[in-house]
Structure formats: structure tokens, C-alpha cells
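So you can see what is in the structure, the chains are spelled out below.
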Amino acid sequence: MNILVTGGAGYIGSHTSVALLEAGHTVIVADNLCNSKAETLDKVKQITKKEITFYQIDVTDKVSVDSVFSNHHIDGVIHFAGLKAVGESVDNPLAYYYNNIVSTMVLAKACQKYGVRRFVFSSSATVYGDNTVPFAENMNLLPTTNPYGETKAMSERILTDIVKANPTFSVSLLRYFNPVGAHESGLIGEVPIGIPNNLMPYVTQVAKGKLEKLRVFGDDYPTVDGTGVRDYIHVLDLAEGHVAALDNLTEGVHIYNLGTGQGTSVIELVKAFEEANGIKISYEIIDRRPGDIASCYADASKAKQELGWVAKRDVISMCRDSWRFEKNNKE
Ligand code: NAD
Ligand code: UD1
């Protein structure tokens, strides 16, 4: 199939482009490079030895999006393009609502105009809010604590309503848990701008000596060791989950958790990193981070049953691959 991958130069989009190309699909990337570089697409070509068509466009711009749809026979869209920094979304909500919601509407409208029936959307486990773990797709969603999370919940609702009115439209809403890791070549991975907010990139920068020590946000949660528990998923497993979702997409709205179903605490992740890479990570315990929940992990059974997809890579591989990329990364 010819797949339009919005945000394809980004962290998850680039790994998914590799998986799509390796599965025999043709990839057309639309990205404005606001949080990525065009060289990443060269690395994707180097890994796969296949070509990609690239449009440097903003997918909130309907004229640019229209020209991509009119230049290609597109069979499906995977919509990754979006802003994703939680703290920034609190400071600048309008930028987040505009970018993340308008892009979804512009792309859905182009799909209607050009008869494109397959749409896969990057959602997040954040839409569950502080529910009881494990999170299952049929749970009632709780409010998220920030505008970023709200853009995901709203985009899900918009796409669901579009399907209600157009039953032949096929939408997959993929709720990612915590993506980490990198391609085993060490050529592509996550490059956070400035000081990382997320745990794994923070740990790799401590390992590199760029940051002095990890600050663990709280050790008084009701978890195995008091630190926050998350469902870390290797980005290559996540990428393969997208190919499975696309290949199995049928009419209607389908919601899938993409997680491993395993919770790992902050301290367990630090220990796994030390074991995988033989590097000591200094840390100190500080106060809880506002907005954090104690535990977040998936009930991953629906994706297994309906898509035949399961996450295969363990936490040790996630730590090894994250570190390999950070070592290679000159920034
Ligand atoms: P990323 O920032 O690495 O990739 C997003 C890409 O979209 C970037 O290349 C950026 O330049 C591009 N982009 C942003 N707005 C655009 C626009 N208007 N037009 C064109 N391109 C635009 O982020 P990522 O981690 O790869 O995340 C991809 C998607 O997955 C996002 O929608 C994000 O919200 C969602 N998600 C990510 C995580 C995570 O932990 N990384 C978790 C859950 C959901
Ligand atoms: C965060 C976002 C979430 C987003 C996800 C993936 C918040 C409140 N939530 O989730 O919306 O979908 O990233 O991008 O920001 N931790 C530390 N020290 C650190 C960093 C993190 O102890 O320096 C802890 C956190 O308290 C948490 C765990 O590590 O328990 C994972 O944190 P993080 O990687 O930021 O992901 P989430 O909080 O799950």
C-alpha cells in the first residue's frame, strides 16, 4: 500500500517508516521538521535500502495536504505529526490545540475528498487518566491533567464521530504506553531538545555524563518500591504494531493499547540500564512531579487477539538500544 506517514521524520514515525518499508509498503512522509531533521529520513533509506518521498509541509495547511493527496494514490494515512511536550502544552495550550486538532481534521477531510479509507492515529495511554491498572480499551476515560492529553482525547472523539457518519471509514486509535529504545543499527532514535522530560532519555544523558544525576520523582507511591511504574515499550515493537494495525484494519473504529502489559518502576529501569550497559547511574529521590500517576500499564490482550501483535523486546534490549543510539548521537 502507499502510506502517507505524517511526522515520519520524528522518533516513532521514522521507526514505523522502517517497518512499513520492510513490510513492502511505499512510504510518503509529510513533516514540517519542527521537532526533527531531514537527515533522519536518509538514515531510514540507509537502513532499508529503499526510497521515501518526502514533503516538508505543515499538515495543518490544507492546500499543502491537498497537493500531496492529489500527487499520489494514497491507500492509508498514519498520523504521527503532533506536538508532544506535556509541560509546554500547559504553557502554550493554543499551539497544542491548534496543531494537534487541526492536523487531524485537515487530514480526515482530505481522506474524505480523495476516498482514502484507512486512518491510523497516534493516541496515548494518557487518555485513561488515573484509572485502575491495567488499562483496558473499554474503560471509561478520565480527564487528563494537561492540554496535550486533551488533544489526544479530542482527536479520538473527532475520528470516532466521523466514522459514525461514514461507516466505510476505517480508523485505528493506537494508545501508546511509554515508547523507548532505538533501531538496533544505532542510526535512528529519540533526540530530545534541551533537558529531557522523560525517564529513558534522561538516564542515557546521565550515562553519557551530559547530566549529573537522575532525579527520581517520588518514592512514596503505592508501587513495588514506591517509585512510579510504567509500561515501557520498545519503539520497534511499537512500529510493528502500526503495520499490524494497518494490515488488519476493517470498517469502523478500533482502539488498541500498544504496550507490553508489564509494569517497571523507575528504580527497576535504572537497575536494568546498569545491568544492560555496565554503567552506574547516580540518582537522588526528590518530590513527586505534579500530574504524575503511580502506575500505568496496559492490558495488552486485545491487540494480541485481534491483530496477532505482541511486544517482543524486553527492558534489557530497550536499555541497550537506547544507550547505543545516545552514544552515537553527537548532539
Ligand atoms: P516527534 O516529535 O519525534 O515526532 C513528531 C513529528 O511530527 C516531528 O518530526 C515533527 O517535526 C512533526 N510535526 C509536528 N507538527 C507537525 C505539523 N503540524 N505538520 C507536519 N509535521 C509536524 O514525536 P514522537 O515521539 O515520534 O511522537 C509521534 C506521535 O506519537 C505524536 O503524535 C505523539 O503525541 C504521539 N505519542 C508519543 C509518545 C511518546 O512517548 N513519544 C507517547 C504517546 C503518544
Ligand atoms: C509522560 C507524560 C505523558 C506522555 C509520556 C510519553 C507527564 C505527566 N506525562 O508520561 O503524557 O504521554 O510522557 O511522552 O509528563 N521520572 C523520574 N525522573 C525523571 C523523569 C521521569 O523519576 O527525570 C519518572 C516519572 O515520575 C514516571 C516515570 O519516570 O514515574 C516515567 O516518566 P516519563 O518518562 O516522563 O513518562 P510518563 O510520566 O509516563
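The following paragraphs examine the structure supplied in this document. (Residues numbered from 1 in each chain as written. Chains lettered and ligands numbered in written order. Predicted model: local features only at pLDDT ≥ 70, side-chain atom pairs only at ≥ 80, totals over all residues. Heavy atoms only, no water.)

Along the protein, the regular secondary structure elements total 11 helices and 14 strands. The C-alpha radius of gyration of the protein comes to 19 Å, within 12% of the 20 Å expected for a compact globule of 331 residues. Projected onto its principal axes, the C-alpha positions of the protein cover 55 × 45 × 40 Å. Per-residue burial over the protein gives 55% buried out of 331 residues. Of the contacts formed within the protein by residues at least 6 apart in sequence, a portion of 79% connects residues at least 24 apart. Approximately 14,400 Å² of the protein is accessible, and the part contributed by carbon and sulfur atoms is 50%. (Helix = DSSP H or I, 4+ residues; strand = E, 2+ residues; numbered from the N terminus. Rg over C-alpha atoms; globule rule 2.2 N^0.38 Å. Buried < 20%, exposed > 50% of the residue type's maximum accessible area, 1.4 Å probe, protein only. Contact = heavy atoms within 4.5 Å. Areas by Shrake-Rupley, 256 points an atom, 1.4 Å probe, with all protein chains shown as cover.)

Right, let's talk about the site of ligand 1 for a bit. Not every one of the 26 residues close to ligand 1 is listed here, only the nearest: Ile12, Asp31, Asn35, Ser36 and Asn99. Contacts to ligand 1 include glycine 10, whose backbone N or O atom sits 3.3 Å from an oxygen atom. Within the side chain of asparagine 99, an N or O atom sits 2.7 Å from a nitrogen atom of ligand 1. Across the complex, the protein chains shield 94% of the 810 Å² of accessible surface that ligand 1 would expose by itself. Broken down by secondary-structure element, the contributors of at least two residues to the shell around ligand 1 are α1 (11–22), β5 (118–124) and α6 (147–165). At three residues, β5 tops the list of elements feeding residues into the shell around ligand 1. Looking at the shell around ligand 1 residue by residue, the classes come out as 12 nonpolar, 10 polar and four charged. (Near = heavy atom within 4 Å. Polar contact = N/O pair within 3.5 Å; in protein donor to acceptor, adjacent residues only side chain to side chain. Nonpolar A, V, L, I, M, F, W, Y, C, P; charged D, E, K, R; others polar.)

Take the site of ligand 2 next. In the vicinity of ligand 2 there are 19 residues, among which Leu199, Arg215, Arg230, Arg289 and Asp292 approach most closely. A distance of 2.6 Å separates an oxygen atom of ligand 2 from a polar side-chain atom of aspartate 292. Its free accessible area being 740 Å², ligand 2 has 87% of it covered by the protein chains. Secondary-structure elements contributing two or more residues to the shell around ligand 2 are α7 (199–208) and β8 (214–217). In terms of residue count, the dominant contributor to the shell around ligand 2 is β8 (four residues). Here the residues of the shell around ligand 2 sort into nine nonpolar, six polar and four charged.

Here we take up the environment of tyrosine 97. Here tyrosine 97 is to be found in helix α5 (residues 93–114). Using a relative accessible area of 25% as the deciding quantity, one classes tyrosine 97 as partly exposed. Considered as a pair, tyrosine 97 and lysine 152 are 55 residues apart in the sequence and their alpha carbons are 9.6 Å apart. Tyrosine 97 has contacts with Val102, Pro147, Glu150, Thr151 and Met154, leaving out every residue within four places of it along the chain.

Applying the stated criterion across every chain, the model contains six aromatic pairs. Here phenylalanine 135 and phenylalanine 177 contribute two aromatic rings whose centre-to-centre distance is 6.4 Å and whose plane-to-plane angle is 40 degrees, an arrangement assigned as tilted. Residue phenylalanine 135 is found in the loop between β5 and α6, and its partner phenylalanine 177 is found in the loop between β6 (170–176) and β7 (178–180); the two are separated by 42 residues along the sequence. The exposure classification of phenylalanine 135 matches that of phenylalanine 177, with both residues buried. Taken together, Tyr128, Phe135 and Phe177 form an aromatic cluster joined through their ring pairs. When the ring centre of tyrosine 221 is taken as origin, the NZ or CZ atom of arginine 288, which lies over that ring, is 4.0 Å away. (Phe/Tyr/Trp six-rings, centres within 6.5 Å; stacked < 30°, edge-to-face > 60°. Lys NZ or Arg CZ within 6 Å of the ring centre and 35° of its normal.)

Glancing now at the side chain of asparagine 277. Structurally, the position occupied by asparagine 277 is in helix α9 (residues 266–277). Each residue touching asparagine 277, except ones within four places of it in the same chain, is listed here: Cys319, Arg320 and Trp323.

This part is about the packing of helix α3 (residues 62–71) against α5. Where α3 meets α5, the axes come as close as 10 Å, and the angle between the chain directions of the two elements is 40 degrees. The two elements α3 and α5 meet at a crossing, and its hand is right-handed. Residues Lys62, Val65, Asp66, Phe69 and Ser70 of α3 form the contact with α5, whose own contacting residues are Val106, Leu107, Ala110, Cys111, Lys113 and Tyr114. Its residues assigned to classes, the contact of α3 with α5 shows seven nonpolar, one polar and three charged. (Axes fitted to C-alpha atoms, helices over the stretch in contact; angles between N-to-C directions. Left-handed = near helix turned anticlockwise from the far one by under 90°.)

Once that is clear, we can look at the sheet that holds β6. The seven strands lie next to each other as β3-β2-β1-β4-β5-β6-β11, forming an open sheet whose pairing is parallel. Where the open sheet ends on each side, the last strands, each with one partner, are β3 (53–55) and β11 (252–258). Taken over all neighbouring pairs, the strand axes of this sheet differ in orientation by 20 degrees on average, direction set aside. With seven bridges connecting them, β6 and β11 associate as parallel partners. Bridged to leucine 174 within β11 is tyrosine 256. (Pairing = 2+ DSSP bridges.)

Glancing now at the side chain of aspartate 321. With respect to the secondary-structure elements, aspartate 321 resides in helix α11 (residues 315–328). In this structure aspartate 321 touches Ala182 and His234, once residues within four positions along its chain are discounted.

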